[in-house]
Amino acid sequence: MNRLTQDQLQQFNQDGYLVVEGILDPEEDIKILEEEYSAVLDREAKRLQSEGKQTASGDSMSFLERFTCMILEGNLTHQALDICLPPKFEEDTPMHMGPAVFNHILRNPRILDVIEQLLGPEIYSNAVQHIRVKPPQRTVPVEMQNPLLSATGWHQDLGVIDPEADKSEVISVWVAVTEATVENGCLVVIPGSHKGELVPHCPDGEKHGNHQPSTIPDKFLDKGKSRPLPIPQGATIFFQKTLMHSALANESDTVRWSFDLRYNPVGQPNGRSWYPGFVARSRENPDSELRDAIKWKEMWVQARSRMVQTGVAGRPFTRWSPDHPGCA
Ligand SMILES: O=C(O)CCC(=O)C(=O)O
Ligand SMILES: [Fe+2]
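Before going into details, it helps to say that this report is about the structure given with it. (Residues numbered from 1 in each chain as written. Chains lettered and ligands numbered in written order. Predicted model: local features only at pLDDT ≥ 70, side-chain atom pairs only at ≥ 80, totals over all residues. Heavy atoms only, no water.)

Description of the sheet that holds strand β11 (residues 256–265)
Next up, step 1: Taken in spatial order, the six strands make up an open sheet running β1-β9-β4-β11-β2-β12, and their pairing is antiparallel. Edge strands, defined here as strands with exactly one partner in the open sheet, are β1 (17–20) and β12 (278–282). With direction set aside, neighbouring strand axes in the sheet form an average angle of 30°.
Next up, step 2: Contacts between helix α1 (residues 6–15) and the sheet are confined to β1, β4 (171–176) and β9 (236–240), with β1 contributing the most and set at about 140° to the helix. (Pairing = 2+ DSSP bridges. Helix = DSSP H or I, 4+ residues; strand = E, 2+ residues; numbered from the N terminus. Axes fitted to C-alpha atoms, helices over the stretch in contact; angles between N-to-C directions. Contact = heavy atoms within 4.5 Å.)

This is how it looks when you write it as structure tokens:
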């Protein structure tokens, strides 16, 4: 295990975040993820063709180029690639539950090694998680823009989960599959802001389809202290649940790809109790670890049905109503 230095641990506590390089390996991890996601595009293309729709054949395109073409054609939804469900969904809402994501992202041993040093050895993979593949913003029509495809507004991750997790130690993990730069839409943080309280998140006035993000009003933000965090391909940002952060628009000509994940100690409330998380590492009880990607997929399929049947599907991800005094 690569040991974090005292300086790194101190930075995580002081600033609320820590960048660690060399987490994803281009050959071991990224190539396999690209192959798995290319197969998703092949499947989606077949489905579209069977419905009589034209779509990019993909023969001479990389995964990222083909993704962009298919998204901009308007026939592919980002949701077919995402590794979580949106606020409102049906029994047949697609999501991606493939073994490369399970083994190379959620159970990535280098991610878990860092988490172990920050949270201890009993680690639960909290199922609030996303893939964000962001084409150049100028190509994305305004009505298609949302935080999974374009810029992300200011928020604290604790603000999108239930109060049951207020005392839980939840760490967010932002993984750069492509290099993240200021130009292509890297994460931006306000160092030290995690030491403050959770502040109100309010509707940002724009509709974003099924993703209607609520964001922190300017009066609670010390934007002068904000710091963009450009990081190389394969690097990762670990950050605390009350750290204020956003992501810039992709002003470049290339596609920017990241995953974001959450972990908390086993047994602590995860903030969306109806989601299927799992034990990613346990030194005390190794048999409790979920190591089977097929079981992980089955857990999501069952949870999706259960959530539709019990009416959880449709719950907004925010805990503040638009008429909350903080939103005035
Ligand atoms: O990458 C983004 O657009 C935002 C990511 C984010 O908010 C997170 O990782 O919690
Ligand atoms: Fe976030």
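Now that the structure is up, let's keep going.
Here we look at the nonpolar core
Next up, step 1: Phe238 and Phe259 are the most contacted members of the largest nonpolar core, which totals 69 residues.
Next up, step 2: When residues of this core are assigned to their parent elements, the largest contribution, seven residues, is made by helix α2 (residues 26–50). (Core = buried A, V, L, I, M, F, W, Y, C linked by side-chain atoms within 4.5 Å. Buried < 20%, exposed > 50% of the residue type's maximum accessible area, 1.4 Å probe, protein only.)

Focus: the sheet that holds strand β8 (residues 227–229)
Next up, step 1: Spatially, four strands are ordered β3-β10-β5-β8 in an open sheet, and the strand pairing comes out antiparallel. Strand pairing shows two members of the sheet lacking a second neighbour, β3 (152–155) and β8, which therefore form its edges. Neighbour-to-neighbour, the strand axes of the sheet open up by a mean angle of 20°, direction not taken into account.
Next up, step 2: Bridge count for strand β5 (residues 187–189) against strand β10 (residues 245–247) is three bridges, and the pairing is antiparallel. Considered in β10, the bridge of Val188 is made with Ser246.

A closer look at the state of the cysteines
Next up, step 1: Applying the stated criterion to the full structure yields one disulfide.
Next up, step 2: Put simply, Cys202 and Cys327 are joined by a disulfide, and their sulfur atoms are 2.0 Å apart. Between Cys202 and Cys327 the disulfide shows an S-S torsion of about -85°. By sign, it is left-handed. Here the residue Cys202 occupies a position in strand β6 (residues 202–203), and Cys327 occupies one in the segment after α6 (293–310), the gap between them amounting to 125 residues.
Next up, step 3: Overall, Cys202 belongs to the buried group, its relative accessible area being 6%.
Next up, step 4: Residue classification places Cys327 among the partly exposed positions, given a relative accessible area of 21%. (Disulfide = S-S within 2.5 Å.)

Re the pairing of strand β2 (residues 122–134)
Next up, step 1: Of all 13 residues in β2, 12 are buried; the element is thus mostly enclosed.
Next up, step 2: Relative to β12, β2 is paired through four bridges, and the arrangement is antiparallel. Bridge assignment links Ile123 to a residue of β12, and that residue is Arg281.
Next up, step 3: Note: β2 against β11, nine bridges, orientation antiparallel. Bridged to Ser125 within β11 is Tyr263.

Digging into helix α3 (residues 63–73)
Next up, step 1: Every buried residue of α3 is accounted for by Phe63, Leu64, Arg66, Phe67, Thr68, Met70 and Ile71.
Next up, step 2: Its buried side turned inward, α3 meets α2, β2 and β11.
Next up, step 3: Once α3 ends, the next one or two residues include Gly74, with phi positive near 90°.

Details of the packing of aromatic side chains
Next up, step 1: On inspection of all chains with the given rule, the structure shows 10 aromatic pairs.
Next up, step 2: With a centroid separation of 5.8 Å and an interplanar angle of 35°, the aromatic rings of Tyr37 and Phe63 are classed as tilted. Remark: Phe63 occurs in helix α3 and Tyr37 occurs in helix α2; sequence separation between them is 26 residues. Comparing Tyr37 with Phe63 shows no difference in burial state: the two are buried.
Next up, step 3: Here the aromatic rings of Phe63 and Phe67 are separated by 6.3 Å at their centres, their planes lie at 40°, and the arrangement is tilted. (Phe/Tyr/Trp six-rings, centres within 6.5 Å; stacked < 30°, edge-to-face > 60°.)

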